[in-house]
Amino acid sequence: MIYKQFRGIGLSRLGLGNMRLPTQEDKAGAPIDYPRAKAIVDYAIAHGINYFDTAYNYHSGTSEVFLGQALQDYDRGSYHLATKFNYHANPDYRAQFEEQLTRLKTDYVDFYLLHAVGDGNVENYLGCGCIDYFREQKAKGRIRSFGFSSHASPEVLSRMLGENDWDFVQIQLNYYDWLYGTAKEEYSRITAKGLPVMVMESVRGGRLAKLSPESAAMLKAEHPDWSIPSWAFRWLKRLEGVQVALSGMSNLEQIQDNVATYADERALTDEEEALLFKACAAYRSEVTVPCTACRYCCDGCPAGIDIPAVLEIYNRWKIDGAGALRKLEELPGEGKPADCVGCGACKSECPQGIDIPQVMAELASQPSK
């Protein structure tokens with residue numbers, strides 16, 4: 001395992017996220033499978049991982065409980081705990097913090113964060129008094145380093161950066177969001193402040209662990225012995241401002257592969273990065289539709305569907321996963337994918353040649369979220 005210094009502490013450059021622990025029956029929402037999850041923690045410790053990230057609401061509140069129990073076998077000074085205050089889960093930050101210490105079976109947290117700061121909740125975090133309270137806890141030694149995790153726009157991120165003397169910031173950072181999202185700008189704004197970056201969604205919740213057949217073949221042709229996820233982590237190694245890259249590892253095979261990737265400092269070369277970006281572009285074009293929102297398709301739709309809005313959700317679903325489908329319920333008007341009659345009027349008007357009825361049928365076949 002390789003390490004990077006943080007204020008005199010050597011932190012493993014790979015951290016274990018505890019949001020996607022193995023569950024009983026391998027089903028979302030099922031209880032944590034303690035023996036399998038404990039095996040992952042034990043493997044992490046045995047192979048040099050010393051940064052463990054969790055949160056108040058992960059696994060319906062049981063992740064902290066599990067982690068507190070799983071780490072009892074090890075000296076408290078041999079690992080570093082990160083957890084988060086979630087305003088939405090319980091705005092009583094004092095009560096939540098005390099409960100977290102009890103769950104984690106500790107009297108201090110090494111890295112404490114405000115959880116998932118976004119454009120819609122930033123006022124809650126800034127106005128509730130929690131920042132001053134957590135500063136006090138830091139002064140008492142109950143918090144060693146204080147930061148926040150952000151899903152905010154770059155503008156709101158900059159606002160947060162100016163609200164406190166933070167020790168670190170955690171953002172969603174991977175090569176896809178670097179190319180097609182705001183990750184590059186977020187990273188630049190954080191590092192310009194001299195702050196280290198903790199990385200979440202290194203492989204975008206697993207979306208970058210497989211890619212599409214064409215894009216995966218491009219990478220395998222260059223390095224047959226590298227796993228697809230290892231490309232994402234080796235790309236992150238190029239970024240000097242990254243302190244720890246988190247991975248929510250759900251089985252031993254995943255952690256074994258990731259530990260092997262972090263056995264040395266080997267990062268992508270410039271040529272390998274160019275190939276990865278080419279593969280990423282191929283992946284994006286294979287799984288999404290090239291809608292430009294020209295709206296030529298809308299006038300003749302007998303169901304009154306806002307087709308560009310639906311196609312935007314379709315693209316987000318293909319890249320971000322099933323949670324994006326919730327946006328279908330918020331669409332204006334009455335027309336939904338299930339209302340499509342498959343007449344093809346939209347397809348004949350689409351300059352991009354998108355098979356819109358097929359997209360509507362695919363969306364209509366998905367379980368409601």
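In this report, we go over the structure that sits alongside the text. Source: prediction; values computed, not measured. Here, residues in each chain are numbered from 1, in the same order as that chain's written sequence. Only residues with pLDDT of 70 or above have their local features reported here, since the model is predicted, and side-chain atom pairs are shown and tallied only from 80 upward, although totals for entire chains, interfaces and linings are computed over all residues. In computing side-chain values, all of the structure's heavy atoms are included and hydrogens and water are not.

## Re the overall build of the chain
Now for step 1: A count of helical and extended segments in the chain gives 15 helices and 10 strands.
Now for step 2: For the chain, whose C-alpha radius of gyration is 22 Å, the value lies close to the compact-globule estimate of 21 Å for 369 residues.
Now for step 3: For the C-alpha atoms alone, the extent of the chain along its principal axes is close to 65 × 50 × 45 Å.
Now for step 4: Remark: exposure states derive from per-residue accessible area (1.4 Å probe, protein chains only) relative to the maximum for the residue type, with buried under 20%, exposed over 50%, and partly exposed in between. Every one of the 369 residues in the chain was classed for burial, and the buried ones make up 53%.
Now for step 5: Calculation of accessible area relied on Shrake-Rupley with a 1.4 Å probe; when residues are assessed, cover is drawn exclusively from the protein chains displayed. In the form shown here, the chain has an accessible surface area of approximately 16,300 Å², with 48% of it arising from carbon and sulfur atoms.
Now for step 6: Neither His nor the chain ends is counted toward charge; the positive residues are Lys and Arg and the negative residues Asp and Glu. In plain terms, the charge of a residue is placed at NZ if it is Lys, CZ if Arg, CG if Asp and CD if Glu. Side chains of the chain give 39 positive and 49 negative charges; the mean places of these two sets differ by 2 Å. Secondary structure elements are taken from DSSP: a helix is a run of H or I of four residues or more, a strand is a run of E of two residues or more, and numbering for both begins at the N terminus. We compute the radius of gyration from the C-alpha atoms alone; for a globule the expected value is 2.2 Å times N to the 0.38, where N is the number of residues.

## Here we look at the environment of Val242
Now for step 1: Within the secondary structure, Val242 sits in strand β10 (residues 242-247).
Now for step 2: Remark: the alpha-carbon pair of Val242 and His115, spanning 127 residues in sequence, is separated by 19 Å.
Now for step 3: Ignoring any residue separated from it by four or fewer positions in sequence, one finds Val242 in contact with Lys4, Leu173, Tyr187, Val197, Val199 and Leu236. What makes two residues a contact is simply this: any of their non-hydrogen atoms within 4.5 Å.

## Regarding the state of the cysteines
Now for step 1: For the purposes of this analysis, a disulfide is any pair of cysteine sulfur atoms at a distance within 2.5 Å. For the structure shown, the criterion picks out zero disulfides.
Now for step 2: Its sulfur unpaired, Cys294 is 6.1 Å from the next cysteine sulfur, which belongs to Cys297.
Now for step 3: Cys301 takes part in no disulfide bond, and the closest cysteine sulfur, belonging to Cys346, lies 6.5 Å away.

## What about the pairing of strand β2 (residues 9-12)?
Now for step 1: Two strands pair under a simple rule: DSSP has to find at least two bridges between them. Summarising the sheet, strand β1 (residues 3-6) and β2 pair through four bridges and their orientation is antiparallel. Looking at β2, one finds that Phe6 is bridged to Ile9.

## A closer look at the nonpolar core
Now for step 1: Buried Ala, Val, Leu, Ile, Met, Phe, Trp, Tyr and Cys residues form a nonpolar core when they are joined through side-chain atoms within 4.5 Å. In this structure, Ile49, Phe52, Leu114, Phe134, Phe148, Leu173 and Trp235 are the most contacted members of the largest nonpolar core, which totals 83 residues.
Now for step 2: Considering every element that reaches this core, the biggest residue donor is helix α12 (residues 270-287), with seven residues.
Now for step 3: With 23 residues, the next largest nonpolar core counts Cys301, Leu325, Leu331 and Leu363 among its residues.

## A short note on the packing of aromatic side chains
Now for step 1: Classification of ring pairs rests on two measures: the distance between centres of Phe, Tyr or Trp rings, Trp counted by its six-membered ring, which must be within 6.5 Å, and the angle between planes, read as stacked under 30 degrees, edge-to-face over 60 and tilted in between. This structure, assessed with the given rule, holds 27 aromatic pairs.
Now for step 2: Summarising the aromatic geometry, the rings of Phe85 and Tyr93 are spaced 6.2 Å apart at their centres and angled 85 degrees between planes, so their arrangement reads as edge-to-face.
Now for step 3: Charges are assigned to positions over rings by a cutoff of 6 Å between ring centre and Lys NZ or Arg CZ, combined with an angular limit of 35 degrees from the ring normal. Lying over the aromatic face of Tyr108, Arg144 brings its terminal NZ or CZ to 3.7 Å of the ring centre.
Now for step 4: Geometry around Trp226 places Arg234 over its ring, the cationic atom sitting 3.9 Å from the centre.

## Examining unusual backbone geometry
Most peptide bonds are trans, and most residues other than glycine sit at a negative phi.
Now for step 1: Positive phi is not limited to glycine here, since Glu201 has a value of about 55 degrees.
Now for step 2: Position of Glu201 relative to the elements: it lies in the loop between β9 (197-200) and α9 (213-222).
Now for step 3: The phi dihedral of Ala293 falls on the positive side, at around 60 degrees, and the residue is not glycine.
Now for step 4: Checked against the element boundaries, Ala293 lands in the loop between α12 and α13 (307-320).
Now for step 5: Judged by relative accessible area, which is 47%, Ala293 ranks as partly exposed.

## Description of the environment of Ala282
Now for step 1: With respect to the helices and strands, the residue Ala282 is situated in helix α12.
Now for step 2: Given a relative accessible area of 11%, Ala282 falls into the buried group.
Now for step 3: Residues Ala282 and Gly194 lie 88 residues apart in sequence; the distance between their C-alpha atoms is 35 Å.

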